[in-house]
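The residues making up each chain are set out below.
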Amino acid sequence: MTRTGRPEGADTLVVFGITGDLARKMTLRALYRLEARGLLDCRVIGVAADDLTTADFVAQARERVAATGQRVDDDTFRRFAARVTYLHGDVTDAALYTRLSAEIGPGHRTLHYLEMPPRLFGPIVERLGAAGLVEHARVAVEKPFGKDLASARALNARLHAVLREDQLLRVDHFLGKEPVIELEYLRFANRALAGLWDRDSVSAVQITMAEDFGIEGRGSFYDPVGALRDVVQNHLLQVLAAVTMDPPADAGADSLRDRKAEVLKAVRAADPRRSVRGQYTGYRDTPGVAAGSDTETYIALRLEIDNWKWIDVPFFLRAGKNLPVRDTEVRLILRRAPRLAFLPTPHQAEPNQIVLRIDPDPGVCLQLVAQGEQTWRPLHLDASFVRDLGEPPEPYERLLHGALTGDHSLFTREDGVEEAWRIVQPLLDDPAPLLPYAPGTWGPAEAADLVTGHPPWHDPWTAGSGAPAG
Ligand SMILES: NC(=O)C1=CN([C@@H]2O[C@H](COP(=O)(O)OP(=O)(O)OC[C@H]3O[C@@H](n4cnc5c(N)ncnc54)[C@H](OP(=O)(O)O)[C@@H]3O)[C@@H](O)[C@H]2O)C=CC1
Ligand SMILES: O=C1O[C@H](COP(=O)(O)O)[C@@H](O)[C@H](O)[C@H]1O
């Protein structure tokens, strides 16, 4: 589950924001699952504003774990509950840290996990520092890390005034997803893929993150953010880095992050004229969304990488809410075979494609062509990771375990985050016009123009079928 060369594991986990939405949906379930697998080896101190006793909180936690659909075993939950203490208070109040310090006690290795409103990341870290709670500690901060390049730099500077980079873990849950981690192994351990993975064989790359639901219930979070900040600057650029980086020199987390930062540095800043922004009709009626909101719920963009391996290969990224399916995939479109006189039809076959599906049902598919009845027929060689490799840990299980054990390879580094903001900054400064699209469609029709001269957007490879949807 982890790479080598890690520092000592934490013996105390402090979760700031343990009564919040993320904890309700992900953190408590992940901690329970780690307990069930014998991988939780620390005390858990939950901090939040709600005035609850530890017993109240434990009862609430059990209900919340069960509400995620997780079967709760009595013995496992009892073991988990025995680790937990709940501390209520205001995180902007220094007195809370005095109580926290007494609760932790001297000589412990602590992981402080901040799943809090991001405006509180700086103040909490400063108060932890002032209370002497960062020595021998690591701090994990949830997304978003800034809202643009300037604010990300300012946040890095503020956190670094208290913490060294090796104490800081920036969460991007896509780095906890098995297929994203698997990319490194698939690409570099398989000659069959490694030999095709560059501009000589690849003509274009499409990265799609399609979601078949809107932002119901999250309007006030989403409206100041939009699709570009919500999933492109972080998740999709991390995926792009994993798809295009050179092989890390060794198993150390910094070697991996060096390679990712290196390739992100080579990505040209995005050109607003090569982007399409959309908003699904009905978005503005969502509670929490500003009247007349100009926030995009869909974005498509073209990126270019200025290095020997990828020059002239366009990378087309698109992400949207209320699209026809939920599917996140990377599609490498290979160069065409030449026309050959003996082939069945005079027109050319569809180029070969390598598809890595991230969600749902992660897997990899190689799309070839065959001939049948004197015409071209697509042929899919597909593998499901779950079917062939077994059920992996869930992303938050992996991330929490990685944070506790100090596995930095699962977290983003300062340079990678700032490069990602640099790449998208022109789209924030000078956004493309906002175009409407109907829910259940593939976004504004204008997104098709973005890929002119290259293979059109491909409908995703649908779960279980082995065949593309469209
Ligand atoms: N929700 C989600 O699906 C996801 C969230 N995230 C990130 O996780 C972080 C938390 O988000 P989310 O859980 O949705 O937020 P919520 O608003 O649901 O929860 C915030 C938590 O912070 C506590 N809190 C807020 N202010 C104070 C304060 N002054 N003193 C003490 N406690 C305080 C709240 O306590 P109380 O409830 O007791 O008031 C609550 O436990 C954010 O960075 C978000 O971007 C990331 C991915 C997904
Ligand atoms: O960070 C976020 O990710 C989710 C999608 O994550 P997934 O693991 O369910 O694919 C996205 O829906 C959300 O808007 C965004 O904030």
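Residues numbered from 1 in each chain as written. Chains lettered and ligands numbered in written order. Predicted model: local features only at pLDDT ≥ 70, side-chain atom pairs only at ≥ 80, totals over all residues. Heavy atoms only, no water.

1. Quick notes on the sheet that holds strand 8 (residues 275-280)
- A sheet is described by the order of its strands in space; here nine strands give the open sequence 14-13-12-11-7-10-9-8-15, paired in mixed fashion. Here the strands that pair on one side only, and so sit at the sheet edges, are strand 14 (375-384) and strand 15 (434-437). Across the sheet, the axes of successive neighbouring strands diverge by a mean angle of 20 degrees, strand direction being ignored.
- Looking at chain direction, strand 9 (residues 298-303) and strand 10 (residues 315-320) are connected through six bridges and run antiparallel. Counted as the bridge partner of A300 is R318 from strand 10.
- Helix 10 (residues 226-244) contacts strand 7 (202-210), strand 9, strand 10, strand 11 (327-334) and strand 12 (353-359) of the sheet and is inclined by roughly 145 degrees relative to strand 10. (Pairing = 2+ DSSP bridges. Helix = DSSP H or I, 4+ residues; strand = E, 2+ residues; numbered from the N terminus. Axes fitted to C-alpha atoms, helices over the stretch in contact; angles between N-to-C directions. Contact = heavy atoms within 4.5 Å.)

2. Focus on the sheet that holds strand 1 (residues 12-16)
- On the basis of which strands lie adjacent, the open sheet formed by six strands has the order 3-2-1-4-5-6 and parallel pairing. Two strands lie at the open edges of the sheet, namely strand 3 (84-88) and strand 6 (168-170), each paired on one side alone. For this sheet, the mean inter-axis angle between neighbouring strands, taken without regard to orientation, is 20 degrees.
- Here strand 1 runs beside strand 4 (residues 110-114); their pairing, made up of five bridges, is parallel. Considered in strand 4, the bridge of F16 is made with L114.

3. Thoughts on the UniProt feature "binding site: substrate" (unreviewed entry) in the protein
- Within the UniProt annotation, "binding site: substrate" (unreviewed entry) is assigned to H173, K177, E211, D230 and K321.
- Summarising the element assignment, K177 is placed in the loop between strand 6 and helix 7 (178-189).
- When its relative accessible area of 11% is taken as the criterion, K177 is described as buried.
- For K177, the residues in contact, after removing those within four places along its chain, are I358, D359 and P395.
- Relative to the helices and strands, K321 resides in the loop between strand 10 and strand 11.
- Classification of K321 as buried rests on a relative accessible area of 4%. (UniProt positions renumbered as here; feature names shortened; annotations may be inferred. Buried < 20%, exposed > 50% of the residue type's maximum accessible area, 1.4 Å probe, protein only.)

4. Brief notes about the site of ligand 1
- Taken together, 23 residues are adjacent to ligand 1, and T19, D21, L22, D50 and K143 come closest.
- In this structure, K25 approaches ligand 1 through a side-chain N or O atom, which is 3.0 Å from an oxygen atom.
- In the environment of ligand 1, a nitrogen atom lies 3.5 Å from a nitrogen or oxygen atom belonging to the backbone of G89.
- When ligand 1 is considered free in solution it has 900 Å² of accessible area, and contact with the protein chains removes 75% of it.
- By residue number, the principal contributor to the shell around ligand 1 is helix 1 (residues 21-36), which donates three residues.
- Of the residues belonging to the shell around ligand 1, the class tally is 12 nonpolar, four polar and seven charged. (Near = heavy atom within 4 Å. Polar contact = N/O pair within 3.5 Å; in protein donor to acceptor, adjacent residues only side chain to side chain. Areas by Shrake-Rupley, 256 points an atom, 1.4 Å probe, with all protein chains shown as cover. Nonpolar A, V, L, I, M, F, W, Y, C, P; charged D, E, K, R; others polar.)

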